[in-house]
Number of protein chains: 2
Amino acid sequence: MGVGSIHASLGETMAIVVVDVALKPEILDPQGRAIVGALGRVGLSGVADVRQGKQFVLNIDGDVDEAKLAQIHEIAETLLSNPVIEDFTVQVRP
Amino acid sequence: MGVGSIHASLGETMAIVVVDVALKPEILDPQGRAIVGALGRVGLSGVADVRQGKQFVLNIDGDVDEAKLAQIHEIAETLLSNPVIEDFTVQVRP
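Now for a description of the structure that goes with this document. (Residues numbered from 1 in each chain as written. Chains lettered and ligands numbered in written order. Predicted model: local features only at pLDDT ≥ 70, side-chain atom pairs only at ≥ 80, totals over all residues. Heavy atoms only, no water.)

Topic: the relation of the copies chain B and chain A
Stage number 1. In the superposition of chain B on chain A (RMSD 0.0 Å, axial shift 0.0 Å), the rotation amounts to 180°. In the structure described here, the two chain copies are related by an operation that fits a two-fold rotation axis. Every residue of chain B has its C-alpha some distance from the rotation axis, and the shortest such distance is that of Lys54 of chain B, at 2.3 Å.
Stage number 2. A share of 100% of the interface residues of chain B reappears at the interface of chain A, consistent with the copies meeting face to face through the same patch. (Least-squares fit on C-alpha atoms with pLDDT ≥ 70 in both. Contact = heavy atoms within 4.5 Å.)

What follows is the structure, encoded as structure tokens:
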């Protein structure tokens with residue numbers, strides 16, 4: 001569903017891997033704070049915190065095996081995120 | 001897991017709502033194309049396409065009922081995304 005389904009039309013033999021990158025909890029997120037303020041002004045109360053992160057949706061030819069997943073983990077750590085200030089998660093979309 | 005667990009320490013009575021914002025499939029994503037090129041250079045082959053999106057993690061006090069979820073949908077459409085070029089999904093993290 002959602003982002004995954006956007007790419008469904010590209011082919012049935014493709015795997016979708018999603019890498020979410022978020023600021024570490026101890027890192028201030030001024031953009032997120034600004035959104036909290038804006039949400040209050042437009043009438044959504046009760047939002048304690050907002051954190052803005054990045055999402056990379058990778059369309060990969062063929063299956064994603066263990067070796068490829070390990071490679072994607074390494075790339076998420078070195079290329080897609082800054083490990084000093086960011087955490088990431090890798091998930092394979094069914 | 002992942003981004004959700006980052007905020008778990010904020011309190012057990014909080015709900016986490018995640019809004020993913022992605023460019024519509026027909027909109028070019030030059031940043032994603034640049035990542036495809038970079039992935040090839042660092043040795044990850046077989047990546048057909050990369051799309052870069054945004055992820056907003058909202059920590060909400062108390063429970064998220066239907067009314068609040070509808071409000072979050074409206075805000076995702078008006079404040080967090082640009083409906084001309086972007087799609088979004090809203091999901092409540094368990």
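Side note on the sheet that holds strand β2 (residues 47-61) of chain B
Working definition: the strands of a sheet are paired by backbone hydrogen bonds and lie parallel or antiparallel to each other.
Stage number 1. Taken together, six strands build an open sheet; the order of strands is β3(A)-β1(A)-β2(A)-β2(B)-β1(B)-β3(B) and the sheet is antiparallel. Two strands bound the open sheet, and with one partner strand each, they are β3 (86-93) of chain A together with β3 (86-93) of chain B. Looking at each pair of strands side by side, their axes are set apart by 25° on average, direction ignored.
Stage number 2. Together, β2 (47-61) of chain A together with β2 of chain B form the strand contacts of helix α2 (residues 30-41) of chain A, whose direction differs from that of β2 of chain A by roughly 120°.
Stage number 3. Contacting β1 (14-23), β2 and β3 of chain B, helix α3 (residues 66-80) of chain B runs over the sheet at an angle of about 150° to β3 of chain B. (Pairing = 2+ DSSP bridges. Helix = DSSP H or I, 4+ residues; strand = E, 2+ residues; numbered from the N terminus. Axes fitted to C-alpha atoms, helices over the stretch in contact; angles between N-to-C directions.)

Let's talk about the pattern of salt bridges
Residue and element names in this part refer to chain A.
Stage number 1. A full pass over the atoms with the stated rule returns six salt bridges over all chains.
Stage number 2. Across the pair Lys54 and Glu86 runs a salt bridge, and its minimum N-O distance is 3.7 Å. Remark: Glu86 occurs in strand β3 and Lys54 occurs in strand β2; sequence separation between them is 32 residues.
Stage number 3. What makes Lys54 partly exposed here is its relative accessible area of 28%.
Stage number 4. In this structure Glu86 comes out as buried when scored by relative accessible area, which is 11%. (Salt bridge = Lys/Arg side-chain N within 4 Å of Asp/Glu carboxyl O. Buried < 20%, exposed > 50% of the residue type's maximum accessible area, 1.4 Å probe, protein only.)

Any link to function would need more than the numbers given here.
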